[in-house]
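As a plain string of letters, each chain reads:
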Amino acid sequence: MSFNVTEINRLIGVRRSVFPKDYSGERVPDSVVRQMLENANRAPTHKLTEPWRFVVFTGAGLQKLAEFQAACYREVTQRDGTFREDRYQSLQTKPLESSHIIAIGMKLDEKKSVPEWEELGAVFCAIENMYLTATAYGIGCYLSTGGITQFAEAKSFFGLGDEDKLCGFLHIGMPKPELPPASKRKPVEEKIRWVE
Ligand SMILES: Cc1cc2nc3c(=O)[nH]c(=O)nc-3n(C[C@H](O)[C@H](O)[C@H](O)COP(=O)(O)O)c2cc1C
């Protein structure tokens, strides 16, 4: 097997988050989203537990997600006294700015063959595969772990049990032609120690 490594290095190098304010509003073909999910399913997974789970919202589904997350946020935060009207409003409208949103969950293996942190690691590998696939197709996406991600009360809506985890929401959209500058990284040399 041989690959164009120059292209692969470039793909990884130009991968970036593209946020809803920079989406054109055009719908991303479902076929691209399917390929993103297909590639997510190829992520490494210890003991082949394949812990990733996805719920894809698009079209009228985005409104359903918006209504659910706003209601869930209101219920939980009014109870604990942290409710904020601006956050509530944003949860009600934000999903409609994306073409598709993939809710990403981690399903714990019944046999608990590997520790939870390994299962989470596998899910985030799957997320990177989706990021890279989107980049290759010229599609924008970004992972959000805010909103109701940490709310235990939200899990069942996404088909997750009490022990499972909601890991975030991958927002997907057609990018506008002009995007703000991509984020930078400090040199990798600062993060490596070679032992020979
Ligand atoms: C685990 C994880 C959680 C993230 N959660 C959020 C989030 O809640 N909100 C957000 O704006 N970006 C979130 N991001 C995206 C980061 O903001 C983004 O990756 C970072 O700014 C670097 O930019 P880049 O992806 O373009 O390289 C998250 C990324 C990761 C890996």
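First, a word on scope: everything that follows refers to the structure included in this document. Just so you know, the residues in each chain are numbered from 1, in the order the chain's sequence is written. This being a predicted model, a pLDDT of at least 70 is required before a residue's local features are given, and a value of 80 or more before pairs of side-chain atoms are given or counted; all residues contribute to the totals for chains, interfaces and linings.

### Re the overall build of the chain
Counting from the N terminus, the helices are the DSSP runs of H or I reaching at least four residues and the strands are the DSSP runs of E reaching at least two. Scanning the chain for helices and strands turns up five helices and four strands. Walking the chain from its N terminus toward its C terminus, one meets helices and strands in the order α-α-β-α-α-β-α-β-β. We compute the radius of gyration from the C-alpha atoms alone; for a globule the expected value is 2.2 Å times N to the 0.38, where N is the number of residues. By the compact-globule yardstick of 16 Å for 196 residues, the chain fits well, its C-alpha radius of gyration being 18 Å. When its C-alpha atoms are laid out on the principal axes, the chain stretches across 55 × 45 × 35 Å.

### Examining the pairing of strand E2 (residues 100–106)
Each regular strand carries side chains that alternate between the two faces of the sheet. A large share of E2 lies buried, amounting to seven of its seven residues. Any residue surrounded by 20 or more other C-beta atoms within 10 Å of its C-beta is treated as buried, while 12 or fewer makes it exposed and the intermediate range makes it partly exposed; C-beta atoms here are placed from the backbone. Every second residue of E2 is oriented toward a common face, with His100, Ile102, Ile104 and Met106 on one face and Ile101, Ala103 and Gly105 on the other, all of them buried. Note on pairing: two strands pair once DSSP finds at least 2 bridges between them. Bridging between strand E1 (residues 52–58) and E2 involves seven bridges; their strand directions are antiparallel. Paired with Phe57 across the two strands is Ile101, which belongs to E2.

### Things to note about unusual backbone geometry
In terms of backbone geometry, most residues other than glycine have negative phi values and most peptide bonds are trans. Not every positive phi belongs to a glycine, and Leu48 is a case in point at roughly 50°. In this structure, Leu48 sits in the loop between helix H2 (30–40) and E1.

### A word on the packing of helix H3 (residues 60–80) against helix H4 (residues 85–93)
H4 packs onto H3 with a crossing angle of 160° between their chain directions and a minimal axis gap of 7 Å. Between H3 and H4, the interaxial angle falls into the category roughly antiparallel. In terms of crossing hand, the pair formed by H3 and H4 is right-handed. On H4, the residues that touch Ala66, Gln69, Ala70, Tyr73 and Arg74 of H3 are Arg87, Tyr88, Leu91, Gln92 and Thr93. Fitted lines through C-alpha atoms serve as axes, helices being fitted only where they are in contact, and the angles separating the N-to-C directions of these axes extend from 0 to 180 degrees. These descriptions rest on fixed angle ranges, namely under 35 degrees for roughly parallel, over 145 for roughly antiparallel, 65 to 115 for roughly perpendicular, and the rest for oblique. Two helices cross in a left-handed way if the nearer one is turned anticlockwise from the farther one by less than a right angle. They cross in a right-handed way if the turn is clockwise. Here, residue contact means that the backbone-derived C-beta atoms of the two residues sit within 7 Å.

### A few points about the nonpolar core
Counting 29 residues, the largest nonpolar core has Ile101, Ile104, Val123, Met130, Cys141, Leu170 and Ile172 as the members making the most contacts within it. Of all the elements in the fold, those that place two or more residues in this core are H2, E1, E2, helix H5 (116–136), strand E3 (140–144) and strand E4 (165–173). Think of a nonpolar core as buried Ala, Val, Leu, Ile, Met, Phe, Trp, Tyr and Cys residues chained together by C-beta atoms that fall within 7 Å.

### Comments concerning the site of the ligand
The criterion for a residue being near a molecule or strand is a backbone-placed C-beta atom within 6 Å of that molecule or strand. Contacts to the ligand come from Arg16, Ser17, Tyr142, Leu143, Ser144, Thr145, Gly146, Gly168, Ala182 and Ser183. The element that contributes the greatest number of residues to the shell around the ligand is E3, accounting for three residues. Note on residue classes: Ala, Val, Leu, Ile, Met, Phe, Trp, Tyr, Cys and Pro are nonpolar, Asp, Glu, Lys and Arg are charged, and everything else, Gly too, is polar. Partitioning the shell around the ligand into residue classes produces three nonpolar, six polar and one charged.

### What about the environment of Glu116?
Take Glu116: it is sitting in helix H5. Note: C-alpha distance between Glu116 and Glu163 (47 residues apart in sequence) is 9.8 Å.

### A closer look at H5
By this rule, a helix spans an expected 1.5 Å times one less than how many residues it contains. Under the 1.5 Å per step criterion, the end-to-end length of H5 is 31 Å for 21 residues, consistent within 8% with the ideal 30 Å. Looking only at H5, the buried set comprises Glu119, Ala122, Val123, Ala126, Ile127, Asn129, Met130, Tyr131, Thr133 and Ala134. Packed against the buried residues of H5 are H2, E1, E2, E3 and E4. Among the residues trailing H5, Gly138 stands out with phi positive, at a value near 75°.

### Some points on the sheet that holds E2
Taking strand neighbours across the sheet as the criterion, the four strands line up as E1-E2-E4-E3 in an open arrangement whose pairing is antiparallel. Only two strands of the sheet have a single neighbouring strand rather than two, namely E1 and E3. Averaged over all pairs of adjacent strands, the angle between strand axes in this sheet comes to 20°, irrespective of strand direction. Taken strand by strand, H5 contacts E1, E2, E3 and E4, and its axis lies near 0° from that of E4.

### Observations regarding the environment of Leu160
Positionally, Leu160 belongs in the loop between E3 and E4. The sequence separation of Leu160 and Arg53 amounts to 107 residues, and the corresponding C-alpha distance is 8.7 Å. Those residues in contact with Leu160, other than ones at most four positions away along the chain, are Gly105, Lys107, Lys155 and Leu166.

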